[in-house]
Amino acid sequence: MPIFSATATANPNIAFIKYWGNSNTALRLPANGSISMNLAALETRTRVTFDSSIPKDMFDLNGKRQSGAALERVVAHINLIRGLRGISTPVHVLSENNFPTGAGIASSAAAFAALTLAAVGALGLELPESNLSRLARRGSGSACRSIPTGFTEWRRGDSDLDSFAISIAPPEHWNLVDCIAVVEEKEKKVGSTEGHSLAASSPYQATRVADTPRRLDICRNTIQKRDFQALAQIVELDSNMMHAVMMTSRPALFFWEPATLNIIKSVQSWRKTGIPAAYTVDAGANIHVLCPAENAEDVKRRLSSLPGVLDVLSSQAGGPARLV
Ligand code: DP6
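Residues numbered from 1 in each chain as written. Predicted model: local features only at pLDDT ≥ 70, side-chain atom pairs only at ≥ 80, totals over all residues. Heavy atoms only, no water.

Caption draft 1: Structural context of the sheet that holds strand β5 (residues 34-38). Spatially, four strands are ordered β2-β5-β10-β11 in an open sheet, and the strand pairing comes out antiparallel. Each having just a single partner strand, β2 (13-17) and β11 (164-169) make up the two edges of the open sheet. The average angle at which neighbouring strand axes cross in this sheet is 35°, direction not considered. Bridge analysis of β2 against β5 gives four bridges, and the strand direction is antiparallel. Bridge pairing in β5 places I17 opposite I35. Along the sheet, helix α6 (residues 212-225) makes contact with β2, β5, β10 (151-155) and β11, crossing β2 at roughly 115°. (Pairing = 2+ DSSP bridges. Helix = DSSP H or I, 4+ residues; strand = E, 2+ residues; numbered from the N terminus. Axes fitted to C-alpha atoms, helices over the stretch in contact; angles between N-to-C directions. Contact = heavy atoms within 4.5 Å.)

See the structure below:
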């Protein structure tokens, strides 16, 4: 029996304007649009092999055979792609991250972007970028932003057909660096998927969502103009707004650790002394500090010396998901 195989790589991304909450959970249609930057230094490499001689679907992550929820989520995504060809051939998915596992760095974006591209490639389907982004979105919302290159915007859309990400600037447009201060290495207790479903229980979510087109416009413009001070303002506001929603959900979600808040305050005080740096926090305690490339060494050194910082990773803007 024939064997079909393809390998793809994808970067995770850091959201400047966050995706939080779905209008349709099954289709992962987001409550609001979002903007992010791909992270070149972090990469997931995934090989997908459809092989009728293997007994069942298998998924290996960083050399470890996966079962339970992790396997089910990958198989559900593969089923979607198998459906495009009307096949049921078993699959072997082999995935490796080049960044430390358990560093608490969200990897579902890179994972589902690479998985989508490799699976589609293995089946010999040639799809436009928008369709790849739509498919990746079904696996993990933020994964749709890791398909196009550089700085990307996920247009919310109203249906499966028009909810996907496009590139708004190539990586070389702006030499920004994301310095990631790792303050927690363990897996987070509440995953994003569960968090999205709680968003609507916060009285602030509707206000946050209604204001998003304004923040998206500002963010897009600051990227176009490479205006770091304005970017810092909108990125921090957006992160604070999402965490305000999280903290006021039922049940309340508090992702920050004391070290997270200490870094937030440090970044604010550095900026007052003229150091261009801006923080943003996802659904975890680790904190991303954005700065122009020329300030990255200084910012990394400062972050490393703060209490509770276990490691500092850094990355410039990255390219699209690609077949290798
Ligand atoms: C806080 O894309 O990880 O990082 O679709 O359930 O996999 P699922 O959620 P996910 O959510 C990302 C949430 C966020 C903000 C963002 O990246 O926009």
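Caption draft 2: Spatial organisation of the pairing of strand β7 (residues 58-61). Direction of pairing for β7 relative to strand β9 (residues 91-97): parallel, over a ladder of four bridges. Each bridged residue has a counterpart across the sheet, and for D60 the counterpart in β9 is L94. As paired strands, β7 and strand β8 (residues 64-65) are joined by two bridges and run antiparallel to one another. In the sheet register, L61 faces β8, and the bridge partner there is K64. Where β7 folds back on β8, the antiparallel hairpin that results is connected by two residues, among which N62 adopts a positive phi of roughly 50°.

Caption draft 3: Fine view of unusual backbone geometry. With omega at -5°, the peptide bond leading from R250 into P251 counts as cis. Within the secondary structure layout, P251 lies in the loop between α7 (228-247) and α8 (258-272). One non-glycine residue, N62, lies in the positive phi region at around 50°. Within the secondary structure layout, N62 lies in the loop between β7 and β8.

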